[in-house]
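Here is how the chains run, residue by residue.
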Amino acid sequence: MALLSDLGTEIVVPVCAVIGIIFSLVQWFFVSRVKVSADRAGDAVARNGKNGCGDYLIEEEGINDHNVVAKCAEIQNAISEGATSFLFTEYQYVGIFMVAFAILIFLFLGSVEGFSTSFRPCTYDQEKLCKPALATAIFSTVSFLLGAITSVVSGFLGMKIATYANARTTLEARKGVGKAFIVAFRSGAVMGFLLAANGLLVLYITINLFKIYYGDDWEGLFEAITGYGLGGSSMALFGRVGGGIYTKAADVGADLVGKVERNIPEDDPRNPAVIADNVGDNVGDIAGMGSDLFGSYAEASCAALVVASISSFGIAHDFTGMCYPLLISSMGILVCLITTLFATDFFEIKAVKEIEPALKKQLIISTILMTVGIAIVTWACLPSSFTIFNFGVQKDVKNWQLFLCVCVGLWAGLIIGFVTEYYTSNAYSPVQDVADSCRTGAATNVIFGLALGYKSVIIPIFAIAVSIFVSFTFAAMYGIAVAALGMLSTIATGLAIDAYGPISDNAGGIAEMAGMSHRIRERTDALDAAGNTTAAIGKGFAIGSAALVSLALFGAFVSRAGVSSVDVLTPKVFIGLLVGAMLPYWFSAMTMKSVGSAALKMVEEVRRQFNSIPGLMEGLAKPDYATCVKISTDASIKEMIPPGALVMLTPLIVGTFFGVETLSGVLAGSLVSGVQIAISASNTGGAWDNAKKYIEAGASEHARTLGPKGSDPHKAAVIGDTIGDPLKDTSGPSLNILIKLMAVESLVFAPFFATHGGLLFKLF
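This one's a predicted model, so the numbers in the text were calculated from it and none came from an experiment. Per chain, residue numbering runs from 1 following the sequence as it is written. In view of the model being predicted, local features appear only for residues whose pLDDT reaches at least 70, and side-chain atom pairs are presented and counted only at 80 or more, with totals across whole chains, interfaces and linings using the full set of residues. Neither water nor hydrogens contribute to the side-chain values; these are computed over all heavy atoms in the structure.

Peer 1: Would you mind showing me how to read the pattern of salt bridges here?
Peer 2: The salt bridge criterion pairs a side-chain nitrogen of Lys or Arg with a carboxyl oxygen of Asp or Glu, the two atoms within 4 Å. Summed over the entire model, instances satisfying the criterion amount to 29 salt bridges. One salt bridge in this structure joins lysine 539 and aspartate 729, with 2.9 Å as the shortest N-O distance. Note that lysine 539 is positioned in helix α18 (residues 518-560) and aspartate 729 in helix α23 (residues 712-756), a separation of 190 residues in sequence. In this pair, the class of lysine 539 matches that of aspartate 729, namely buried. Two residues, glutamate 605 and arginine 608, come together in a salt bridge whose shortest N-O distance is 2.9 Å. Taken together, the residues span about one helical turn, with glutamate 605 and arginine 608 both in helix α19 (residues 571-612) at a distance of 3 residues. Glutamate 605 sits in the buried class, given a relative accessible area of 10%. Through salt bridges that share partners, Lys248, Asp251, Asp528, Lys539, Asp689, Lys692, Lys693, Asp721, Asp725, Lys728 and Asp729 make up one connected network. For helices the rule is a DSSP run of H or I covering at least 4 residues; for strands it is a run of E covering at least 2, with both sets numbered from the N terminus onward. Summary of the burial criterion: residues with accessible area below 20% of their type's maximum are buried, those above 50% are exposed, and those between are partly exposed, where the area comes from a 1.4 Å probe applied to protein chains only.

What follows is the structure in structure tokens.
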């Protein structure tokens, strides 16, 4: 027997979640102590003379202090309003979709047994009676709505915190880079912990409420819970695609006209698209990323729970063993809490060059501590041996084997993170080579960047392959599901690092628009360059975990749909593979084209304003920011629907008309090609962005030979960065949702496909 009793589990999981929520509120309290109102700012600067950096700051920023603070507050307000109004508009459309899809789930799953309310034999154990299919339909619909709402709330809260912290980071940058770093990082932590804890708490409460009805029928209970993952990911898809189109339309428009044509710096207040660009960082990178990682997390938990419910844990009704995935996540919250203190309280950052190492240390510390944490959880919660369902047979597994499965996922995540960093950070040769290729113009820059992206796929794929092989050998599909959870167990730290990027980016924008001194802009730029790399690391994590999650869901789907084996040589499966491998390309084409056409409108509008508003270039007249915000909003709402429909409808159409075997081919194909495109797209875009920053910063002798801003190599770098924008912030990150979403949707609809699917093949 396990050391932790069932009662213990029922206490530990919610307590850890509540600790996470309290910790995030504490961090938020610390951030809120930085004031963004003009009256107290002067005293605040004077009071902070203790670090020895307060003295010259009073002379430098003290004279126009009130104006600067008031300006920061005004810009922050504009960004916050823009982001909130966009998300509300987006959620109205998404809400309609949510209700429609919930009805679909109910109708499809209810029709499995013809909406009968009588008990039926269980899928995996024909002697027992299970709750009717109608119950699964109702409860799957409820958990779908819960997952969707949690996902939307996660994204929205993240955006609120980011827009609350951006001006505060700018104001703290006057006191030194360390202070600004702490504000940005704390705000990221608020989002990370809120999201991890909320996801865990809602899932845990849902399981316990469903248990009241299902009683001992755990197989039906955890099948209904899969709707939670589907809800989380379907919202994430629209958040990611909509937000990604919004942010990149504004970014591309602002860069092309502002930097390349007019030679004004980035985030210059004369640029009409500048507010839209800053709003975009919050709705795309923060709200989208939050929903995305929440979706991964919900699905990994669901995949593990589904497999566990038909293994010895579920059959013997061992609640503690059953909750192993949730206990790993609970441990993750505690581990990330300690890790966060290392960045905010134990060490202080004094120089610019310490920023990136500090963020990297977060990853290493959390991974090492988590390894110990997993050992404790495994030892306390699992019996020494148990059986795991493996395609129709029960496989004997020891608890140390499961520990290794989780660790393999955890460390694979770290490896993917560091490889991503190597290929996207301007401290290493790959990005410096890309920057160097700008000497001969944009074409060579593009060639080098693409090559870098393709090359960066190699090691992550091997890392994913090894973790799949190890975890499957030890514990079948359950092993892969917990490996994915291992990768996502430090999600609070991962999100904190990730949200830190857009917050610093916004802080730099605010500093430029408020007309702060060059020195402060340098500090925020340094924070932002580190943030770019960490954003790439975050995307690497999201893609790696998506691959594992999707495979685990695929295994659960194959088991649930009663397919004994997927044979590539049968034509049904092979055509599925081909079509599935094509889908990520189709999806990327849609999202890239959307960004392109929205950016086109944006460029025309920005040019129109520069040409028609007198005194705009001289800084005498104010540009019309609102029109640019409106262009971005309208374009993204309109354009997010076709790619979303493609992903949501494919499994339904394939499963209904071609049956389960073809659908399993489609899932495998989309997984295999989607992972490659996603990794290469994010890393290519990240490398181009940092090559441009490398030239702009001019920190090394080599960089100075390419610069300054406005030189030909710099313009070539800006073009590369602009091409990379939709790759790294729209197509790449959305692809990992495509992979997961199709798999989880197939799993939820598996009972329907198994009974009524394959209409076309039934005709012949």
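Still more ground to cover, so stick around.
Peer 1: Is there a simple way to think about the packing of aromatic side chains in this case?
Peer 2: Only centres within 6.5 Å qualify two rings of Phe, Tyr or Trp (six-membered ring in Trp) as a pair; their planes then separate them into stacked at under 30 degrees, edge-to-face at over 60, and tilted for everything else. Inspection of the entire model under this criterion finds 30 aromatic pairs. Where phenylalanine 88 meets phenylalanine 156, the ring centres are 5.5 Å apart and the plane angle is 50°; that geometry is what we call tilted. On the criterion of sequence distance, the pair formed by phenylalanine 88 in helix α4 (residues 65-110) and phenylalanine 156 in helix α5 (residues 133-172) is long-range, its members being 68 residues apart. Among the residues examined, phenylalanine 88 registers a relative accessible area of 47% and is labelled partly exposed.

Peer 1: What am I meant to see in the packing of helix α15 (residues 442-455) against helix α21 (residues 641-697) here?
Peer 2: In helix packing, the relevant descriptors are the interaxial angle and the interaxial distance, both defined with respect to the helix axes. Comment: axis = line fitted to C-alpha atoms, over the contacting stretch for helices; angle = value between 0 and 180 degrees taken between N-to-C directions. The interhelical angle for the contact between α15 and α21, taken along N-to-C directions, is 135°, at an axis separation of 8 Å. Here α21 runs oblique to α15, going by the angle between their axes. Read as a crossing pair, α15 and α21 show a hand that is right-handed. Taking contact as the criterion, the partners of Asn445, Val446, Gly449, Leu450, Leu452, Gly453 and Tyr454 in α15 are, on α21, Ser680, Asn683, Thr684, Ala687 and Trp688. Angle categories: roughly parallel below 35 degrees, roughly antiparallel above 145, roughly perpendicular from 65 to 115, and oblique for all the rest. Crossing handedness: left-handed means the near helix sits turned counterclockwise from the far one by under a right angle, and right-handed means the same turn made clockwise. Here, two residues are considered to be in contact whenever any of their heavy atoms come within 4.5 Å of each other.

Peer 1: Teacher, can you tell me more about helix α13 (residues 399-424) here?
Peer 2: Each full turn of the α-helix corresponds to 3.6 residues, which orients residues three or four apart in the same direction. The span you would expect from a helix comes to 1.5 Å times its residue count less one. Given a rise of 1.5 Å per residue, 26 residues ought to cover 38 Å, and the 38 Å separating the end C-alpha atoms of α13 matches this to within 8%. Extensive coverage of α13 is indicated by the burial of 19 of its 26 residues.

Peer 1: Explanation requested: the nonpolar core in the structure shown.
Peer 2: In a soluble, globular protein the nonpolar side chains are often hidden away together inside. As used here, the term nonpolar core means buried Ala, Val, Leu, Ile, Met, Phe, Trp, Tyr and Cys residues forming a set that is joined through side-chain atoms within 4.5 Å. Core analysis: the largest hydrophobic core is formed by 228 residues, its most contacted members being Phe101, Phe181, Tyr324, Ile355, Leu402, Tyr478 and Phe557. The element that contributes the greatest number of residues to this core is helix α6 (residues 177-214), accounting for 22 residues. Residues in contact with tyrosine 478, not counting those within four places in the same chain, are Ala304, Val307, Ala308, Phe313, Gly321, Tyr324, Pro325, Ile388 and Leu402. Val419, Val434, Ala687 and Ala717 belong to the second-largest nonpolar core, a separate cluster that totals 18 residues.

Peer 1: Sorry, what's going on with the pairing of strand β3 (residues 385-390) here?
Peer 2: Sheet faces and side chains relate simply in a regular strand, where the side chains alternate between the two faces. Burial analysis of β3 places 5 of its 6 residues in the buried class, which makes it a mostly covered element. Pairing of β3 with strand β4 (residues 393-398), which is carried by 6 bridges, proceeds in the antiparallel orientation. Opposite serine 385, over in β4, you have lysine 398 as the bridge partner. Should DSSP find at least two bridges between two strands, the strands are regarded as paired.

Peer 1: Please explain unusual backbone geometry as it appears in this structure.
Peer 2: With the exception of glycine, most residues fall at negative phi, and the peptide bonds are largely trans. Unusually for a residue other than glycine, histidine 317 sits at a positive phi of about 55°. Tracing the sequence through the fold places histidine 317 in the loop between α9 (312-315) and α10 (319-322). Residue classification places histidine 317 among the partly exposed positions, given a relative accessible area of 27%. Phi angles above zero are rare outside glycine, and alanine 476 is one such case at about 50°. Structurally, the position occupied by alanine 476 is in helix α16 (residues 458-488).

Peer 1: Looking at this structure, I do not really get the environment of glutamine 609. What am I missing?
Peer 2: Turning to its location among the elements, glutamine 609 is positioned in helix α19. Taking relative accessible area as the criterion, glutamine 609 reaches 0% and is therefore assigned buried. Between the C-alpha atoms of glutamine 609 and proline 272, which are 337 residues apart in sequence, the distance is 7.3 Å. Aside from chain neighbours lying at most four places away, what touches glutamine 609 is Pro272, Leu616, Pro623, Asp624, Thr627 and Cys628.

Peer 1: Please clarify how helix α17 (residues 491-513) should be interpreted in this entry.
Peer 2: The terminal C-alpha atoms of α17 lie 33 Å apart, and with 23 residues this matches the ideal 33 Å at 1.5 Å per residue to within 8%. Positioned one or two residues after α17, glycine 515 has a phi angle of 70°, which is positive.

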